[in-house]
Amino acid sequence: MTAIKHALQRDIFTPNDERLLSIVNVCKAGKKKKNCFLCATVTTERPVQVKMVKVKKSDKGDFYKRQIAWALRDLAVVDAKDAIKENPEFDLHFEKIYKWVASSTAEKNAFISCIWKLNQRYLRKKIDFVNVSSQLLEESVPSGENQSVTGGDEEVVDVYQELNAREEQDIEIMMEGCECAISNAEAFAERLSRELQVLDGANIQSIMASEKQVNILMKLLDEALKEVDQIELKLSSYEEMLQSVKEQMDQISESNHLIHLSNTNNVKLLSEIEFLVNHMDLAKGHIKALQEGDLASSRGIEACTNAADALLQCMNVALRPGHDMLLAVKQQQQRFSDLREHFARRLASHLNNVFVQQGHDQSSTLAQHSVELALPNHHPFHRDLLRYAKLMEWLKSTDYGKYEGLTKNYMDYLSRLYEREIKDFFEVAKIKMTGTTKESKKFGLHGSSGKLTGSTSSLNKLSVQSSGNRRSQSSSLLDMGNMSASDLDVADRTKFDKIFEQVLSELEPLCLAEQDFISKFFKLQQHQSMPGTMTEAEDLDGVTLSRQHAAGAPLPVSSEKDMIRQMMIKIFRCIEPELNNLIALGDKIDSFNSLYMLVKMSHHVWTAQNVDPASFLSTTLGNVLVTVKRNFDKCISNQIRQMEEVKISKKSKVGILPFVAEFEEFAGLAESIFKNAERRGDLDKAYTKLIRGVFVNVEKVANESQKTPRDVVMMENFHHIFATLSRLKISCLEAEKREAKQKYTDHLQSYVIYSLGQPLEKLNHFFEGVEARVAQGIREEEVSYQLAFNKQELRKVIKEYPGKEVKKGLDNLYKKVDKHLCEEENLLQVVWHSMQDEFIRQYKHFEGLIARCYPGSGVTMEFTIQDILDYCSSIAQSH
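Residues numbered from 1 in each chain as written. Predicted model: local features only at pLDDT ≥ 70, side-chain atom pairs only at ≥ 80, totals over all residues. Heavy atoms only, no water.

Points about the overall build of the chain
Of the regular secondary structure elements, the chain holds 29 helices and 12 strands. Relative to its 879 residues, the chain shows a buried fraction of 42%. Relative to all contacts within the chain whose residues are 6 or more apart in sequence, the contacts with residues 24 or more apart total 70%. By element, 52% of the accessible surface of the chain is carried by carbon and sulfur atoms, the whole surface being about 49200 Å². (Helix = DSSP H or I, 4+ residues; strand = E, 2+ residues; numbered from the N terminus. Buried < 20%, exposed > 50% of the residue type's maximum accessible area, 1.4 Å probe, protein only. Contact = heavy atoms within 4.5 Å. Areas by Shrake-Rupley, 256 points an atom, 1.4 Å probe, with all protein chains shown as cover.)

In structure tokens, the structure reads:
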């Protein structure tokens, strides 16, 4: 094995600057045995790299070749299989497991021991050794040493070390000088021993010869020691002097340090005092303004505002640690608190007085607007109060309780003022709608001594009354409630529309101005609302604003928007009921007024929502719009109900039905009102409901009619509907327009055929018999040979209908049609022309049968087509 190891070192590892430390002859387990060698090597250059190399003998010769190499740091586990029994098998766990069988257990143990040593020295014990005898690992540690293998000599691991070139050369020279070196090793060793003894003797003699020199050297050393002692004495004296100097310098340094520390403390103390003086000192002028400043004048308000801001800055200064423990600071803070309390009480009291005085002043101007449909202007009041806006902001941040109290008082005073103004305003509007004549008394309103008074109970009754019947059974087109159509013309409706628009136009800027004032005066944000709710239930009737802000903490943005809305609800709580009363009155006067109100209200709601969808104005108008929409729907439902309740006279002809005329009036009015309106969809839905009701009830009345034929009722009314839809061009009713035209055409044709009947009755029966024979299979030219249908029978029938008799029959027919048709629709000539065409068609049919069945007979009718045209024309002109 030694020879193989030497050969491997020389041929494989030396060229790669590697040293072979251990070798084991192995073969793979469980396969056909092919021997190879596992070698543990280290590199000769640093850093040292430890490898495990598999070497295999070449198939082509006796030399060995390197097959595969693994870095020892990639080895995870060494498994010896059995730590007690001798077993040549072992496993090496690299990226996969390699199973080996050694040629002997001793070689395996030696190889594993070498790996363990390399692991201890180079890898810091990273490899796990499994099923390896602890005794084997202990034997690998050098005896007499407790230190780690890491610190030992490399020879502990190195079993064999190759001679270098110089050592080989010296040994060869020595062996050449002794002939017996190779033949007799013992003689060579003895010679070497003798030469070593000679050298040792020479060394001893040399040492003894140098004893004198040693003595001289010792004397010199003694003298040097004496000189060293003297130098040490001098150094000690110097050290003592330096020590005293050091002590003095330390005292000076400590003194300088204390002086510097004192100066630093003085500078810091001065800085703190300056900070307190600069930030917590309130000017005397500010103090005087807070205590005695004039809150009525602009100059005094400005001085108080500046003083309040300065006080707030002093109170909100961020004190440094320890400042709050100073007595002077505590006293100053208490003084600031007293000033704040005193000024807050003075400001709240003054503003309360301003609210009350402004309420009285504004009430005195109401008489000026008592006869005008206009609301008083609050701009001067708002302008005067806005001078205190900054002071209100200061009060909100410093004393939220007083700020809250002022908010409640403002709402109380202003709600009473606005209630008087708005109620008087609506009373004027109601009187202008109904007039001051007999009509106003019908609706519970009257005027006396130039002062407006209204019967509230009467108006409340109006809000629950129905919109009135749209039409009586026998009178004119319009009859609403107790009022006749003659009283409700276009001018009345236009007047109502203007008054209602003026009411909304007056209310809208009033609410917007008040909301804007509340936002500015009470410092509440209107916009940039974030989702969220108030932390406590808000009830501004009792004014329970969120108590968590009582200490001065500002409200969140969403809560401030809610507060503005709640304040507006409290101040203008009478607007919605007054608007509802006004709407009920307008609906009572004329249910068609709901169309005007729906359009106007929709426009104002749309405008308000574009400004702020959650504002008081938008919400209130939206609620009122719901009421208007209900009235509009009720108006449509009433019209449909009235259609169903229509009763016709049994003695007179029907003509155009009342609800058909009403639909025409409604559609014409609606198209003029809803032109470019936002809620066109509501009207289109109403159209669909109404037209269906009209169609159904026209057919119902036609079926019930006794005096007028059903086809005439259907024809005239659907002609009227078709003409109305064609004139108004309502896009959502195009299908109904086509349906009305079809119904009109169908019933016109049906009436013409029914009324015309068989004017040449006997002739008609004769030719029906002719057609029956032809249908039975008799040829047309052979029909004249039939006894009952020969030429003589044909001439006999024709003679019974001379021109004079035909004209008389047509004249009677014209009179009959004239009695059936109404004058409003003017369809007589249309019907008569259709009858003329139908009669001519029958005449041509008879002539065709004569020509085919009686060819060459020379038989003709007693009158011609031209005669028919002349008869019809003459009859129409004579009537």
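Once you've had a look at it, read on.
Side note on the pairing of strand E3 (residues 50-57)
Of the pairings in the sheet, the one linking strand E2 (residues 36-43) to E3 comprises 6 bridges and is antiparallel in character. Paired with Leu38 across the bridge in E3 is Lys54. Linking two consecutive strands that pair antiparallel, namely E2 and E3, is a turn of 6 residues. (Pairing = 2+ DSSP bridges.)

Notes on the environment of Leu621
One can find Leu621 in helix H20 (residues 616-644). Each C-alpha atom, one on Leu621 and one on Leu504, is 9.3 Å from the other, the two residues being 117 residues apart in sequence. The residues touching Leu621, leaving out its near neighbours within four places in the chain, are Leu504, Leu579, Met601, His604 and Val605.

Things to note about a negative patch on the surface
There is a patch of like negative charges on the surface, built from Glu167, Glu168, Asp170, Glu172 and Glu176. Structurally, Glu172 is set in helix H4 (residues 165-176). The exposure class of Glu172 is partly exposed, given its relative accessible area of 46%. (Patch = residues over 30% accessible without salt bridge, like charges linked within 9 Å, V, L, I, M, F, W, Y side chains within 5 Å. Salt bridge = Lys/Arg side-chain N within 4 Å of Asp/Glu carboxyl O. Lys, Arg positive; Asp, Glu negative; His and termini not counted. Charge placed at Lys NZ, Arg CZ, Asp CG, Glu CD.)

So, the packing of helix H23 (residues 710-728) against helix H24 (residues 734-756)
Following both chains from N to C, one finds H23 and H24 inclined at 150 degrees, their axes separated by 8 Å at the closest point. On the basis of the axis angle, H23 is roughly antiparallel to H24. When you trace H23 past H24, the crossing you get is left-handed. Here Arg710, Asp711, Val712, Met714, Met715, Phe718, His719, Ile721, Phe722, Leu725 and Ser726 of H23 come into contact with H24, specifically with Glu736, Lys737, Ala740, Lys741, Lys743, Tyr744, His747, Leu748, Ser750 and Tyr751. (Axes fitted to C-alpha atoms, helices over the stretch in contact; angles between N-to-C directions. Parallel < 35°, antiparallel > 145°, perpendicular 65-115°, else oblique. Left-handed = near helix turned anticlockwise from the far one by under 90°.)

Observations regarding the sheet that holds strand E8 (residues 128-130)
Across the sheet, which stays open at both edges, the 8 strands sit in the order E4-E3-E2-E1-E7-E6-E5-E8 with mixed pairing between neighbours. Two strands in the sheet have a free side with no partner beyond their single neighbour: strand E4 (64-71) and E8. Averaged over neighbouring strand pairs, the angle between their axes works out to 30 degrees when direction is ignored. Bridge count for strand E5 (residues 77-79) against strand E6 (residues 89-93) is 3 bridges, and the pairing is antiparallel. Within E6, the residue paired with Asp79 across the bridge is Asp91. The sheet contacts of helix H1 (residues 2-13) involve strand E1 (18-28), E2, E3 and E4, and relative to E1 the element is tilted by about 115 degrees.

Considerations on the nonpolar core
Ranked by internal contacts, the top residues of the largest apolar core, which has 174 residues, are Leu385, Tyr410, Val503, Ile518, Phe666, Leu763 and Val831. Looking at this core, the element that brings in the most residues is helix H13 (residues 400-434), giving 14 residues. For Phe666, the residues in contact, after removing those within four places along its chain, are Phe592, Leu595, Phe632, Ile636, Gln639, Leu683, Tyr687 and Leu690. Among the nonpolar cores identified, the runner-up in size contains 32 residues, and Ala102, Ile115, Ile127 and Phe129 belong to it. (Core = buried A, V, L, I, M, F, W, Y, C linked by side-chain atoms within 4.5 Å.)

Side note on the packing of helix H27 (residues 803-820) against helix H28 (residues 828-853)
Two elements in contact, H27 and H28, have axes separated by 11 Å at closest approach and are oriented at 145 degrees. Crossing handedness for the pair H27 and H28: right-handed. Contact residues: Val806, Leu810, Leu813, Tyr814, Val817 and Asp818 in H27; Leu828, Gln829, Val831, Trp832, Met835 and Phe839 in H28. When the residues that make up the contact of H27 with H28 are grouped by side-chain class, the tally is 10 nonpolar, 1 polar and 1 charged. (Nonpolar A, V, L, I, M, F, W, Y, C, P; charged D, E, K, R; others polar.)

Things to note about the side chain of Ser602
Tracing the backbone shows Ser602 in helix H19 (residues 593-611). Residue class for Ser602 comes out buried when judged on its relative accessible area of 5%. A distance of 2.5 Å separates a polar side-chain atom of Ser602 from the backbone oxygen of Leu598. Every residue in contact with Ser602, bar those within four places of it in the chain, is listed here: Met597, Leu625, Glu678 and Arg679. (Polar contact = N/O pair within 3.5 Å; in protein donor to acceptor, adjacent residues only side chain to side chain.)

Quick notes on the packing of aromatic side chains
Inspection of every chain in the model, using the stated rule, returns 30 aromatic pairs. Centre to centre, the rings of Phe632 and Phe674 are 6.3 Å apart; their planes meet at 50 degrees, and the pair counts as tilted. Of the two residues, Phe632 sits in helix H20 while Phe674 sits in the loop between helix H21 (658-673) and helix H22 (680-704), which places them 42 residues apart along the sequence. Just as Phe632 is buried, Phe674 falls in that class too. An aromatic cluster of at least three residues, connected via ring pairs, comprises Phe355, Phe381, Tyr400, Tyr403, Tyr410, Phe517, Phe521 and Phe522. The ring of Phe275 has Arg320 lying over it, and the distance from NZ or CZ to the ring centre is 4.2 Å. (Phe/Tyr/Trp six-rings, centres within 6.5 Å; stacked < 30°, edge-to-face > 60°. Lys NZ or Arg CZ within 6 Å of the ring centre and 35° of its normal.)

Describing the pattern of salt bridges
Within the structure shown, the criterion is met by 38 salt bridges. Between Glu190 and Arg194 there is a salt bridge; the shortest N-O distance is 3.5 Å. Placement of the pair is Glu190 and Arg194 together in helix H6 (residues 185-209), with a separation of 4 residues, close to one helical turn. Looking at Glu190, the relative accessible area reads 48%, which means it is partly exposed. The salt bridge involving Arg692 is made with Glu739; its shortest N-O contact spans 2.8 Å. Of this pair, Arg692 sits in helix H22 while Glu739 sits in helix H24, placing them 47 residues apart in sequence. Residue classification places Arg692 among the partly exposed residues on the basis of a relative accessible area of 34%. A network of salt bridges, in which partner residues are shared, links Arg340, Glu341, Asp399 and Lys402.

As for the pairing of strand E7 (residues 97-102)
Sheet analysis places E1 next to E7, joined by 3 bridges and oriented antiparallel. Across the sheet, the residue bridging to Cys27 is Val101, located in E7. Inspection of the sheet shows E6 paired to E7 by 5 bridges, in the antiparallel sense. Note that in E7 the partner of Leu92 across the bridge is Tyr98. With antiparallel pairing between neighbouring strands as the criterion, E6 and E7 make up a hairpin whose turn holds 3 residues.

Observations concerning the environment of Gln749
The topology assignment puts Gln749 in helix H24. A sequence separation of 34 residues divides Gln749 from Met715, and the C-alpha atoms of the two residues are 9.3 Å apart.

Everything listed here is a matter of coordinates, which is why it stays silent on function.
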